[in-house]
Amino acid sequence: MLPGYHDVVEQLTHIDIVGQCAALAEMPACSIGRAATRDGLPVYVLLCPQLYDRPGNPYGDESGQDWPDNDIRFGRFASAAAELAMGMVDKTWAADLVHANDWQAALVPAYLAWNGARTPSILTIHNLAYQGLFPRDSLRRIGAPEDSFHIEGLEFYDQLSFLKGGLNFASHLTTVSSTYAKEITTPELGCGLEGLLTKRSNEERLTGILNGIDETWDPRFCTHLAQQFGAGDWQGKQANANYVRTQFGLAVSRGPLFGLVARLVHQKGIDLVLAAADEIIGSGGQIVVTGSGEPALEQALVEAHRRRPDAIGVTIGFNDPQARRIFAGSDFTLMPSRFEPCGLSQMYAQRFGSLPIGHQTGGLAETIQDGETGFLFEKPSMDSFIGSVRRAFSAYKAKDRLDMMRRSAMAKSYSWTLSAARYSTLYRKIITPRLAA
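Let me begin by describing the structure that accompanies this report.

## Focus on the overall build of the chain
- Helix and strand content of the chain: 18 helices and 17 strands.
- Over its C-alpha trace the chain gives a radius of gyration of 23 Å, about what one expects of a compact globule, namely 22 Å for 437 residues.
- Across the 437 residues that make up the chain, the buried fraction comes to 53%.
- Residue pairs in contact within the chain that sit at least 24 positions apart in sequence constitute 66% of those at least 6 positions apart.
- Mean positive and mean negative side-chain charge positions of the chain (41 and 47 charges, respectively) differ by 5 Å.

And the structure:
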C-alpha cells in the first residue's frame, strides 16, 4: 500500500476504487484504490490529493522543508492501512499480517491495537535516526487515544514519536542487517530508544535481515553503461571510466577513480571525503560525486569542484543511469558512513567491480570482506578513513591483487532470494499462533 503521491498515481494505468475511509479527528476522508504495477504486483493506493498530490518530495516541499502537517499525512496513511488490513475497506480482502516500514507507517500496528484487531504485525526499521517526532497536540490531530501518551506508548521526551508507537505495538521488529540490530540496542546508536529495543531483543522480537538488490545490477547486461563488461574484461570497465571522466570534465588520468554515490548528509561522512580530497588528488586519484542532501554539504562539494575541476566532478541530484555508470567506471566507492543500517551502494559497487571503502558498521561490516572485496576502517575518523584510502592506492598499484579483489567482489551475490526466504520464515512464524487460535 502506498500514499497516492502524484508520481505514484501517474504510473498506474488503471485504479479501481475499492472503498472509503471516513474522516478521523483532523484527518480528512479518503478513498483506497487497487491497481497493479507494470510487472503485475497488486498495490493499494491511498487517494487523498489534498495530502499527497503536492510538489517537492514525499516528505517535504521543493525547498526541502518538512510539510507542517506530516503528522496528519502519515497518521491518515497508517489509520487507513489498519482499516484495510482489518477488512473494513476492501470487502474482498483482509490481511493475515501487516508489514510496516519506518516511521511513516509505524502507527499501523498502533491503530490495529486501538481498533481491537488481532492482526499480527512487523515493523522494519531502516534508519532509527528518523523517528517521526511531533508535538503532543498531534495526538488529538490523528485521533490517537489520550492514554497512549506515556512511556510505553507514543511518548518520547514529551513529544509524540510515530516510530516508538510501532516499536511498542508491533508483534515483531526487524531491521536491515544483523549488525545494526545489535547496534541499536546500544547508547551509541540507539537514538534514545536502546532500552525499549533491548527489551524487544531479549524477548526475541528483534531480527536483522540484510537487504538484497535488484538483479538488474549486473554490468554484463546493464543497458545504461557506456560499455557492458564482466569480470576480467577490464578494458570494458576502463571504457566506463573514460566516459565518466569525460562527462564530469575531469583530466585524462592513469590514477584511480573514486566514486561517491550517496545522500549528502552528515551520517554518510561526506565531511570525511572533503577532508581527504587533497590527499586523494595529491596521490594521483580523482573523485566523482552524485547525490543530494544537506545544502551546506552540497555547497562544500561544489566549492571543492570549483577549486579542482580537473580532479573533482560533482552532480547535485540523483540519476539512476548516471549512478550505475559511476559504479561501473570507478575503481573505488567511498562509504565513510558514521553508521549504516544496511547500505546498498557497497553491494552495487562490488557487482560493478568498484571496491568499497567503508566504515566497519551495520551492513557495511557484513557485506565488505576487508582486503578481499573492499576495505574496512574501524573508526569514523579522518585518520582511520585515510588509512583505508592508502591501502586502496596500494592495491591499485599491485595489478594482480587488484584483479583478484575485483573478481571476488563481482562474484558476490546479493539477490533478494535469501532475504525473501528469511522474511517468509518470519511471516509464517508470526502468523502460525493466530491460525492455531
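## Describing the environment of Ala296
- The residue Ala296 is located in helix H12 (residues 295-307) in this model.
- Spatially, the C-alpha atom of Ala296 lies 35 Å from that of Leu402, the residues being 106 residues apart in sequence.

## What about the state of the cysteines?
- If you walk through the whole model with that rule in mind, you get zero disulfides.
- Free cysteine: Cys30, not disulfide-bonded; nearest cysteine sulfur from Cys21 at 4.2 Å.

## Some points on the sheet that holds strand E3 (residues 30-36)
- Strand order in the open sheet formed by four strands is E1-E4-E3-E2, and the pairing between neighbours is mixed. Among the strands making up the open sheet, the edge pair consists of strand E1 (2-3) and strand E2 (16-21).
- Bridge count for E1 against strand E4 (residues 42-47) is two bridges, and the pairing is parallel. Counterpart to Pro3 in the pairing with E4 is Leu46.
- Sitting on the sheet, helix H3 (residues 70-85) touches E1, E2, E3 and E4, and the angle it makes with E4 is about 130 degrees.

## Section: the pattern of salt bridges
- Per the counting criterion, the structure on display carries 20 salt bridges.
- Notably, a salt bridge pairs Asp69 with Arg54, separated by 2.6 Å at the nearest N-O pair. You can see Asp69 sitting in the loop between helix H2 (49-52) and H3 and its partner Arg54 sitting in the loop between H2 and H3, a full 15 residues away along the chain.
- Residue classification places Asp69 among the buried positions, given a relative accessible area of 17%.
- For the salt bridge of Glu279 with Arg390, the shortest nitrogen-to-oxygen distance reads 2.6 Å.

## Let's talk about the packing of aromatic side chains
- Within this structure, the stated rule accounts for 20 aromatic pairs.
- Centroid distance Trp217 to Phe327: 5.8 Å. Interplanar angle 75 degrees. Geometry classified as edge-to-face. Within this pair, whereas Trp217 is found in the loop between strand E11 (206-208) and helix H10 (234-247), its partner Phe327 is found in helix H13 (residues 320-329), the two being separated by 110 residues in sequence.
- According to the relative accessible area criterion, Phe327 is buried, its value standing at 1%.
- A connected cluster of aromatic rings, assembled from ring pairs, spans Tyr59, Phe74, Trp103, Phe134 and Phe162.

## Quick notes on the packing of helix H16 (residues 382-397) against helix H17 (residues 399-410)
- At a closest axis distance of 5 Å, the pairing of H16 and H17 adopts a crossing angle of 105 degrees. Considering the angle they form, H16 stands roughly perpendicular to H17. In contact with Arg391, Ala395, Tyr396 and Lys397 of H16, H17 contributes Lys399, Arg401, Leu402 and Met405.
- Looking at the contact of H16 with H17 residue by residue, the classes come out as four nonpolar, no polar and four charged.

## Comments concerning the pairing of E4
- As paired strands, E3 and E4 are joined by six bridges and run antiparallel to one another. Each bridged residue has a counterpart across the sheet, and for Gly33 the counterpart in E4 is Val45.
- Hairpin geometry of E3 and E4 is characterised by an intervening segment of five residues between the two adjacent antiparallel strands and by a positive phi of about 95 degrees at Gly40.

## Digging into the side chain of Arg406
- Mapped onto the secondary structure, Arg406 falls in helix H17.
- Owing to a relative accessible area of 8%, Arg406 belongs among the buried residues under this scheme.
- The contact partners of Arg406, leaving out residues within four places of it in the chain, are Trp234, Lys237, Asp331, Gly353 and Leu355.

## Side note on empty space enclosed by the protein
- One pass over the structure, following the stated rule, counts one cavity of 30 Å³ or more.
- Put simply, the largest cavity is a space of about 50 Å³.
- Contributing to the lining of the largest cavity are Val273, Leu274, Ala277, Ile287, Val289, Leu301, Ala304 and Ile312.
- Broken down by element, the residue count for the lining of the largest cavity peaks at three residues, all from helix H11 (residues 270-282).
- A per-class count over the lining of the largest cavity returns eight nonpolar, no polar and no charged.

## Things to note about the pairing of strand E16 (residues 355-359)
- Judged by how many residues are buried, E16 sits mostly within the fold: five of five residues are covered.
- Across four bridges, strand E15 (residues 332-335) lies against E16 in parallel orientation. Opposite Thr333, over in E16, you have Pro356 as the bridge partner.
- With respect to chirality, the unit in which E15 leads through helix H14 (residues 345-351) into the neighbouring parallel E16 is right-handed.
- In this sheet, strand E17 (residues 375-377) lies alongside E16 in parallel orientation, the contact comprising three bridges. Of the residues in E17, the one forming a bridge with Ile357 is Phe375.
- Following the backbone out of E16, through helix H15 (residues 362-367) and into the adjacent parallel E17, one traces a crossover that is right-handed.

About the thresholds
Residues numbered from 1 in each chain as written. Predicted model: local features only at pLDDT ≥ 70, side-chain atom pairs only at ≥ 80, totals over all residues. Heavy atoms only, no water. Helix = DSSP H or I, 4+ residues; strand = E, 2+ residues; numbered from the N terminus. Rg over C-alpha atoms; globule rule 2.2 N^0.38 Å. Buried < 20%, exposed > 50% of the residue type's maximum accessible area, 1.4 Å probe, protein only. Contact = heavy atoms within 4.5 Å. Lys, Arg positive; Asp, Glu negative; His and termini not counted. Charge placed at Lys NZ, Arg CZ, Asp CG, Glu CD. Disulfide = S-S within 2.5 Å. Pairing = 2+ DSSP bridges. Axes fitted to C-alpha atoms, helices over the stretch in contact; angles between N-to-C directions. Salt bridge = Lys/Arg side-chain N within 4 Å of Asp/Glu carboxyl O. Phe/Tyr/Trp six-rings, centres within 6.5 Å; stacked < 30°, edge-to-face > 60°. Parallel < 35°, antiparallel > 145°, perpendicular 65-115°, else oblique. Nonpolar A, V, L, I, M, F, W, Y, C, P; charged D, E, K, R; others polar. 1 Å grid on protein atoms, 1.4 Å probe; cavity = no way out; pocket = protein on both sides within 12 Å on 5 of 7 lines; lining within 4 Å. Points joined across faces, edges and corners; volume = space filled by probe spheres on them. Right-handed = clockwise from strand over helix to strand, strands pointing away.

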